[in-house]
Amino acid sequence: TDFRVLQEDDDLIDADAVNANPGDTLRNTISVYGGIFAIAFLLFCTLRRKYPRVYNVRGWVEDLQCNLAQNQFGYFSWMWNVYAVSEEDILEQCGMDALCFI
């Protein structure tokens, strides 16, 4: 079979020429989306510390407070502490939806 791809100017080009080097395609994809992920992740870490009321509702709303929400973690240390909490604690204090989400 002969595959062809449309360019923006409506000219047909050979699909094999487009995928001549899949390593470049993978490298470009990782660099673009990896950069977007890194920026979003650092933004989340910064905003989480700057606006704790937005990211930790269970820490300040009296009806929703739980022991897990009282713990405050550093800029990146929360990632390791997530694995230290047992599934039973999450289920008991946060509910089934939080357990399934995590």
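Just so we're clear, the structure is a prediction, and the values are computed from it rather than from any experiment.

I tried to follow the overall build of the protein on my own but got confused; where do I start?
A tally of regular secondary structure across the protein gives 7 helices and 2 strands. In sequence order, the protein lays out its α and β elements as β-β-α-α-α-α-α-α-α. The buried share of the protein, reckoned over its 102 residues, is 12%. A fraction of 39% describes how many contacts in the protein between residues 6 or more apart in sequence connect residues 24 or more apart. When the accessible surface of the protein is summed, it comes to about 8600 Å², and 59% of that surface belongs to carbon and sulfur atoms.

Help me understand the pattern of salt bridges, please; the structure alone is not making it clear to me.
Between side chains of opposite charge, a pair can form as their charged atoms come close. On inspection of all chains with the given rule, the structure shows 1 salt bridge. Between arginine 27 and aspartate 24 there is a salt bridge, and its shortest N-O distance comes to 2.6 Å. Of this pair, arginine 27 and aspartate 24 both sit in helix H2 (residues 22–50), 3 residues apart, which is roughly one turn of that helix.

How should a nonpolar patch on the surface be read in this particular structure?
On the surface, Leu42, Tyr75, Phe76 and Trp80 cluster together into a nonpolar patch covering about 420 Å² of accessible area. With relative accessibility at 32%, the residue phenylalanine 76 sits in the partly exposed group.

Whenever I open this one, the packing of aromatic side chains confuses me. Can you help?
Note on aromatic pairs: each is described by the distance of the centres and the angle between the planes. Taken as a whole, this structure holds 1 aromatic pair when the rule is applied. Their ring planes at 20° and their centres at 5.9 Å tell us that phenylalanine 37 and phenylalanine 41 sit as a pair that is stacked. Note that phenylalanine 37 and phenylalanine 41 are positioned in helix H2 at a spacing of 4 residues, about one turn of the helix. Look at phenylalanine 41 and you get partly exposed, because its relative accessible area is 21%.

Please clarify how helix H6 (residues 87–94) should be interpreted in this entry.
Each full turn of the α-helix corresponds to 3.6 residues, which orients residues three or four apart in the same direction. Regarding H6, the residues found buried are Ile90, Gln93 and Cys94. The buried residues of H6 occupy an angular sector of 85° when projected down its axis, which confines them to one face. Exposed positions of H6 whose direction lies more than 90 degrees from the buried face are Glu87, Glu88 and Glu92. One or two residues past the end of H6 sits glycine 95, with phi positive at roughly 105°.

Whenever I open this one, a negative patch on the surface confuses me. Can you help?
Negative charge collects at one region of the surface, where Glu87, Glu88, Asp89 and Glu92 lie side by side. Mapping glutamate 87 onto the fold places it in helix H6.

What counts, and at which threshold
- Residues numbered from 1 in each chain as written.
- Predicted model: local features only at pLDDT ≥ 70, side-chain atom pairs only at ≥ 80, totals over all residues.
- Heavy atoms only, no water.
- Helix = DSSP H or I, 4+ residues; strand = E, 2+ residues; numbered from the N terminus.
- Buried < 20%, exposed > 50% of the residue type's maximum accessible area, 1.4 Å probe, protein only.
- Contact = heavy atoms within 4.5 Å.
- Areas by Shrake-Rupley, 256 points an atom, 1.4 Å probe, with all protein chains shown as cover.
- Salt bridge = Lys/Arg side-chain N within 4 Å of Asp/Glu carboxyl O.
- Patch = residues over 30% accessible without salt bridge, like charges linked within 9 Å, V, L, I, M, F, W, Y side chains within 5 Å.
- Phe/Tyr/Trp six-rings, centres within 6.5 Å; stacked < 30°, edge-to-face > 60°.
- Arc of directions from axis to C-beta.
- Lys, Arg positive; Asp, Glu negative; His and termini not counted.
- Charge placed at Lys NZ, Arg CZ, Asp CG, Glu CD.

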